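# Survey of secondary and tertiary structure
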Amino acid sequence: MTQLISSIADRAKVLLVSNSPDDVRELLYVLDRHNLGTGLAGDVDEGVQLAAGGTDLILLDAALAGTNIGATCLRLRNAGGSHGVPLLLMSATPSAEEQGRSVGAGASDYIKMPFNARDVAEKILMELALHKAEVQAARLSVTTATAATPARPRHPQTLEVNYHAILAGSPDAVLLFDIDNRLLIDANHLTEELFGMPLAELLQGGIEPLFPRHQDDGRASPQLLEEKIGDTLRGKIVVFRAICCHRDSHLIACEIRLMRLSVPGRQLVHARVIDLTERNFAEAMRAGQSALLEMVAKGAPLNPTLNQLLLIESQSRGVLCSIMLLDDDGIHMHSATGPSLPPEYLAQLEGVAIGPGVGSCGTAMFRHEPVVVSDIMHDPLWAPYRDLAAPFGLRACWSRPIFGQDGAVLGSFAMYYREVRKPDAHELQLIDTATDLAGIAIGRMRHERELQRHRAHLEELVDERTAALTQAKEHSEQTNRELAAALENLSITQEELVRRDKLAALGALVAGIAHELNTPIGNGLVVATTMAERTRDIQASFQDGLRRSELGAYLSQASEADAIMLRNLQRAADLVSSFKLIAVDHASSPRRRFPLRQFIAELMLPMSTLLKAAGLSLTQNVPDGLVMDSYPDPLGQVLSNLLENCLRHGFEGRSGGNISITACASDDGQMITVSIADTGVGIAADDLARIYDPFFTTKLGSGGSGLGLHVAHNIVTGVLGGNIGASSSTGADSGTTFTLQLPAAAPQSPAA
């Protein structure tokens, strides 16, 4: 088509005047593919400027022309240097009134938007060809005319010759109809091939012989043509489907496009005919494949599924299809389907063994390759079976083996003809497609059959297993009853052990309290008893006469007794206070935000004197910026208890050492780790597991109550919401480290 336009129009120039580039973008692309020069103007003024550079056809948007279409068309044509330049008017809001004004303005055609870019491009090509023919005819008239002889009108053959050159390059069958004379006046070689008639016969016969008397819907073909041609003469580009007729009387499904040509004094219609046979075959093939695959997916029986596959018969005239299946023994074949073949013929093939000379199907399955026999009567593969095929008129047979997914042969697909012939490329593609689909269907059937066999075997196994499970269930139920009884006894025993543990813990607590209080109270009782006896003695001496020395001795003893009493009572009071700490609700302490570094520094300040007296150093490594939202008073008590534990137990027998306090935050800032480490003697491994037990102390009778670490553990795991851990070593690198893992924001107390 590109060479055609180059030869006719010498790269003709087409000017589009439209302020909607999106509406004409596809048309510009199509015109460019036809090797046409194009220009796009956004308004009439810009169009006039572009037209002044030369143009062969103008396409004008009616919206830019306004109400005075005639003046706008004249202005654009004059700018192009020729009043005869073809001008097509396009409108997004078409109306009969506007169409009438466009005709009055000399527009060659009136196009409704949106439009098909290919149709409009074809119309532009026709207009350019006609315009060039008119120009050439006019030049010829001027050359041959004399002053006394008027210009001779252009002979119609001038148009026909130029138009025939256009038709020769069309990719489709194209015809030109003279409506007034009801004649076909031109056609290209593809039209001859489509209808099977030479050009002379086509031109002589006219329009009617190209169509059957009636269409598929029963409508008369002349009536259909009259209606469509009428629409075309009214300026429409008509596209419709119809059934045409080949010379040998077989029908052809076609798509026909009609377009009026603007030729003064003549009613010519350009027709493009597209053969839909292959397209319809392809659509039918796709639909058939989809239906077949759907049947396979839904588990339809094999025979109806394979019958659906014989849609191949509609794809090639005169074909008779059959499908043969190979038995599980891999030797014998039998007919699965072949409804168009004589049943008597198929019956004689039942159970035949495949081999190297068993017709087309048996040989194809044996060789594992396609077998094409174009002449049954003379092919050696059919020598044993010629007499079988001859009575039924079978003369050609092409067969292809059907393979499963594992490569095993499942059967064969065959195409028979009642004439001697070889397959073309289309028919080979059909048999390949059919064979692949048959392989899917037959493979699914065999898979289902195998599944059914496994299902039956599985049912037997299930029955056996069910009986075994029933027996096991009865045994397990008996075992469960025994276990339930044992569990009940265990639960009773556990409850008894818990009760005993509680009583033992309570006894240990009472014993511990009694032991701790016994010493100061016993000392006080002894002193009080002694002083009571001394008082009775003084009273007796007072009646007989009390000497000064006796009174002085008594007062000295009373003063000493008072000191002992006060010391022991204070000790008892301190012990009672420490006991009370076990049950004190620390969560009632005030909660606030505080910087940890400053808090620890202030807490350790009063301890400096004790540390110096013990010859110990204190190292604090707490970074700035660590802020806690917690309970400072309980936290302070925990740190104090841990530090006092270091002073009291960690450096016994040592003259110096170091205690370090470090703190750091987790990566997400949610947890804070506080460590208190010393370089003391460490804690024995046996004692390390008991350090949080109440009243556990290695300094029994030396002033320690054994409650410090117990109280610290309760506070950390309770009100502070964290945990505490300890690690220790003895020997050369001895020392103990207590590590607190505390949330930066303590949990809310239940009271809150």
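Residues numbered from 1 in each chain as written. Predicted model: local features only at pLDDT ≥ 70, side-chain atom pairs only at ≥ 80, totals over all residues. Heavy atoms only, no water.

### Section: helix H21 (residues 632-650)
For H21, built from 19 residues, the straight-helix expectation of 27 Å at 1.5 Å per residue is met to within 8% by its first-to-last C-alpha distance of 26 Å. Within H21, 14 of the 19 residues are buried, which leaves it mostly tucked inside the rest of the structure. (Helix = DSSP H or I, 4+ residues; strand = E, 2+ residues; numbered from the N terminus. Expected span 1.5 Å × (residues − 1). Buried < 20%, exposed > 50% of the residue type's maximum accessible area, 1.4 Å probe, protein only.)

### Remarks on helix H5 (residues 69-79)
Among the residues of H5, Ile-69, Thr-72, Cys-73, Leu-76, Arg-77 and Ala-79 are the ones counted as buried. The buried residues of H5 occupy an angular sector of 165° when the element is viewed end-on, so they sit on one face. On its buried face, H5 is in contact with strand E1 (13-17), helix H3 (44-51), strand E3 (57-61), helix H4 (62-65), strand E4 (87-91) and helix H6 (96-104). (Arc of directions from axis to C-beta. Contact = heavy atoms within 4.5 Å.)

### So, empty space enclosed by the protein
If a probe the size of a water molecule is rolled over the atoms, the empty space left behind becomes visible. For the structure shown, the criterion picks out four cavities of 30 Å³ or more. Empty space within the largest cavity amounts to approximately 110 Å³. As for the largest cavity, its lining consists of 15 residues, of which Phe-177, Phe-211, Ile-256, Leu-258 and Ala-271 are closest to the centre. For the lining of the largest cavity, the per-class residue count stands at 15 nonpolar, no polar and no charged. If you add up the space inside the second largest cavity, you get close to 70 Å³. Considering every element that reaches the lining of the second largest cavity, the biggest residue donor is helix H15 (residues 359-367), with four residues. Here the lining of the second largest cavity is composed, by residue class, of nine nonpolar, three polar and no charged. (1 Å grid on protein atoms, 1.4 Å probe; cavity = no way out; pocket = protein on both sides within 12 Å on 5 of 7 lines; lining within 4 Å. Points joined across faces, edges and corners; volume = space filled by probe spheres on them. Nonpolar A, V, L, I, M, F, W, Y, C, P; charged D, E, K, R; others polar.)

### Some points on unusual backbone geometry
Residues Met-113 and Pro-114 are joined by a peptide bond in cis, for which omega reads -5°. You can see Pro-114 is positioned in the loop between strand E5 (109-112) and helix H7 (117-144). Not every positive phi belongs to a glycine, and Ser-249 is a case in point at roughly 80°. Within the element layout of this structure, Ser-249 appears in the loop between strand E8 (238-245) and strand E9 (251-263). In the Ramachandran plot, His-368 falls in the positive-phi region, its phi being about 65° despite a non-glycine side chain. Relative to the helices and strands, His-368 resides in the loop between H15 and strand E13 (371-373).

### Some remarks on a nonpolar patch on the surface
Where nonpolar side chains cluster on the molecular surface, the patch consists of Leu-458, Leu-461 and Val-462 and spans about 250 Å² of accessible area. On the basis of relative accessibility, which here comes to 39%, the residue Leu-461 falls in the partly exposed class. (Patch = residues over 30% accessible without salt bridge, like charges linked within 9 Å, V, L, I, M, F, W, Y side chains within 5 Å. Areas by Shrake-Rupley, 256 points an atom, 1.4 Å probe, with all protein chains shown as cover. Salt bridge = Lys/Arg side-chain N within 4 Å of Asp/Glu carboxyl O.)

### Remarks on the pattern of salt bridges
Under the defined criterion, the tally for this structure stands at 12 salt bridges. Where Arg-247 meets Glu-201, a salt bridge forms, and the shortest distance between an N and an O atom there is 3.5 Å. Separated by 46 residues along the polypeptide, Arg-247 in the loop between E8 and E9 and Glu-201 in helix H10 (residues 199-205) bring together distant segments of the chain. Here Arg-591 and Asp-629 are joined by a salt bridge, their closest N and O atoms 3.1 Å apart. Taken as a pair, Arg-591 in the loop between helix H18 (548-581) and strand E16 (592-595) and Asp-629 in strand E18 (residues 627-630) lie far apart in primary sequence, 38 residues in all. By relative accessible area, Arg-591 is classed as partly exposed at 25%.

### Some points on the layout of surface pockets
One number sums up the size of the second largest pocket: a volume of about 550 Å³. Lining the second largest pocket are 20 residues, with Asp-275, Thr-277, Glu-278, Phe-281 and Arg-317 positioned closest to its centre. Looking at the lining of the second largest pocket, the elements that each hand over two or more residues are helix H9 (189-195), E9, helix H12 (277-298) and helix H17 (425-544). Broken down by element, the lining of the second largest pocket gets its largest block of residues, five residues, from H12.

### Observations concerning the sheet that holds E4
With respect to topology, five strands assemble into an open sheet ordered E2-E1-E3-E4-E5, the strand pairing being parallel. Edge positions in the sheet fall to strand E2 (37-41) and E5, since each of these pairs with one other strand and no more. Pairwise comparison of adjacent strand axes, ignoring direction, gives a mean angle of 20° for this sheet. By the bridge criterion, five bridges tie E1 to E2 in an arrangement that is parallel. Its bridge partner being in E2, Lys-13 is matched across the sheet by Gly-37. Packed on one face of the sheet, H5 meets E1, E3 and E4 and runs near 145° to E3. (Pairing = 2+ DSSP bridges. Axes fitted to C-alpha atoms, helices over the stretch in contact; angles between N-to-C directions.)

### As for the sheet that holds strand E20 (residues 671-678)
The strand order across the open sheet formed by five strands is E17-E19-E20-E22-E21, and the pairing between neighbours is mixed. In this open sheet, the two edge strands, each paired with only one partner strand, are strand E17 (616-621) and strand E21 (723-729). Here the strands of the sheet are splayed against their neighbours by 10° on average, with no regard to which way each runs. Pairing of E21 with strand E22 (residues 735-743), which is carried by seven bridges, proceeds in the antiparallel orientation. Counted as the bridge partner of Ser-727 is Thr-737 from E22. Those strands touched by helix H23 (residues 708-717) are E21 and E22, and its axis lies near 140° from that of E21.

### Observations concerning the environment of Ala-12
Within the secondary structure layout, Ala-12 lies in the loop between helix H1 (2-9) and E1. In this structure Ala-12 comes out as buried when scored by relative accessible area, which is 1%. Once the C-alpha coordinates of Ala-12 and Leu-128 are considered, the two residues, 116 residues apart in sequence, prove to be 7.8 Å apart. Those residues within four positions of Ala-12 in sequence are excluded, and the remaining contacts are Leu-36, Gly-37, Asp-56 and Leu-128.

### Comments concerning the side chain of Ser-91
Within the secondary structure, Ser-91 sits in strand E4. Among the residues examined, Ser-91 registers a relative accessible area of 2% and is labelled buried. Reaching out from Ser-91, the side chain makes a polar contact with the backbone nitrogen of Thr-93 at a distance of 3.2 Å. Beyond its immediate chain neighbours, meaning those up to four positions away, Ser-91 contacts Ala-62, Glu-98, Tyr-110, Ile-111, Lys-112 and Met-113. (Polar contact = N/O pair within 3.5 Å; in protein donor to acceptor, adjacent residues only side chain to side chain.)

### So, the side chain of Thr-72
Looking at the secondary structure, you find Thr-72 in helix H5. Looking at Thr-72, its side chain comes within polar contact range of the main-chain oxygen of Ala-65, at 3.3 Å. Those residues in contact with Thr-72 that lie beyond four places of it in its chain are Val-44, Leu-60 and Ala-65.

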